[in-house]
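Inside the fold
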Amino acid sequence: MSVWLAQHLAALRDACRRLAAAPLNSLLSLLVIGIALTLPTAGWLMLDNLRALSGDLPGVQQISIFLSLDAGKREVGEIESRLQAGQVGRWRFVAREEALRRLQAAEGMADIIASLPRNPLPDAFVVTPADSRPAELERLAKAFSGWPKVAHVQLDSAWVKRFDALLRLGRLIVVLLGVLFAGALVTITFNTIRLQILAQAAEIEVARLIGATDSYIQRPLHYFGILQGALGGLCAAVLVAVGFHLLTPLVSELAQLYGANFALQGLGALHLASLAAIGAVLGWLGAKISVLMHLRRFA
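Quantities reported herein were computed from a predicted structural model and do not represent experimental measurements. (Residues numbered from 1 in each chain as written. Predicted model: local features only at pLDDT ≥ 70, side-chain atom pairs only at ≥ 80, totals over all residues. Heavy atoms only, no water.)

Digging into the overall build of the protein chain
Helix and strand counts for the protein chain come out as ten helices and four strands. Helices and strands in the protein chain line up, N terminus first, as α-α-β-α-β-α-α-β-α-β-α-α-α-α. Taken as a whole, the protein chain presents about 17,300 Å² of accessible surface, with 65% of it coming from carbon and sulfur. (Helix = DSSP H or I, 4+ residues; strand = E, 2+ residues; numbered from the N terminus. Areas by Shrake-Rupley, 256 points an atom, 1.4 Å probe, with all protein chains shown as cover.)

A few points about the packing of aromatic side chains
Taken as a whole, this structure holds three aromatic pairs when the rule is applied. Put simply, the rings of Trp-91, Phe-93 and Phe-125 pair up and form one aromatic cluster. Taking the ring centre of Trp-44 as reference, the NZ or CZ of Arg-171 above it sits at 5.6 Å. (Phe/Tyr/Trp six-rings, centres within 6.5 Å; stacked < 30°, edge-to-face > 60°. Lys NZ or Arg CZ within 6 Å of the ring centre and 35° of its normal.)

Side note on the sheet that holds strand S4 (residues 150-154)
As summarised here, the arrangement of the four strands in space is S2-S3-S1-S4, forming an open sheet in which the pairing is antiparallel. Of all strands in the sheet, those bounded by a partner on one side alone are strand S2 (89-94) and S4. For this sheet, the mean inter-axis angle between neighbouring strands, taken without regard to orientation, is 20°. Two strands pair when backbone bridges link them, and S2 and strand S3 (residues 124-129) are joined in this way by six bridges, in the antiparallel orientation. Residue pairing in the sheet places Val-94 in a bridge with Ala-124 of S3. (Pairing = 2+ DSSP bridges. Axes fitted to C-alpha atoms, helices over the stretch in contact; angles between N-to-C directions.)

A closer look at the nonpolar core
Among the nonpolar cores identified, the biggest contains 18 residues, and Ile-63, Leu-67, Leu-83 and Phe-144 are the most heavily contacted of them. Those elements giving two or more residues to this core turn out to be strand S1 (63-67), helix H3 (73-86), S3, helix H6 (134-145) and S4. At four residues, the largest contribution of residues to this core is made by H6. If we skip the residues at most four places from it in the chain, Leu-83 touches Val-88, Trp-91, Phe-125, Val-127, Phe-144 and Trp-147. Residues Ile-197, Ile-204, Phe-224 and Leu-227 belong to the second largest nonpolar core, which totals 13 residues. (Core = buried A, V, L, I, M, F, W, Y, C linked by side-chain atoms within 4.5 Å. Buried < 20%, exposed > 50% of the residue type's maximum accessible area, 1.4 Å probe, protein only. Contact = heavy atoms within 4.5 Å.)

As for the side chain of Thr-41
By the element assignment, Thr-41 lies in helix H2 (residues 23-56). Assessed through its relative accessible area of 15%, Thr-41 is described here as buried. Those residues within four positions of Thr-41 in sequence are excluded, and the remaining contacts are Val-240, Leu-267 and Leu-275.

Shown next as structure tokens:
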């Protein structure tokens, strides 16, 4: 085991030395890899933030339950009990007096409300479901409409379906971009390892003559691809973090104009680890293919 670990540590040191030997070339390669990973990563994060933002906007993906005008405290309490037992998500009760005050506060409505003989507005519950999928929202709306003293259930299901379809289309586009740029990353690593092999052709031939195994020769090249991919993934994380830092104040200002309190959610520790791991795997794959193809001439 100690010999195996020593061999891998030696291969890792050799890969680090190769990266440091050409700092400009290494930096350019890392930037290219970082940009290739930045675009799909930023797209995926923006879609997640867009879904979160839609839940914070007033009236978006919410179900309004309007009770009958003759509904009393007992019926309101029964609806509250049903909502608590069903664990449908967040909900709040809007009393008819509160709804009337809000309507009176609207521009041009005070005189109209004052002319009414009585309050025409019913008590209502506003439900924000935990599951915002269109099918689940429609199922909940149908279930609510069957409850006692429920006069009307309002859900803009058409808008929800359109929004969900746009998100699914966006995710598909991001996945396709991710596959495309993953292929580009593999190609970059493939070409980099090819150049490494050509530059060290004499060294590889000598190593073959003195009995070096294929694993011994290939191991530093594999580590080189892994290191390059992992560092490229971290470079992508830096680029995404900088971009989101610049966008955060503008997005927050725009969200406030629509009555939402929202801030962009950037990369977390798990995202950083995932980007580094994805870059490392793709770098190893490119190195593996390149090594298998270009070391044959030394067989």
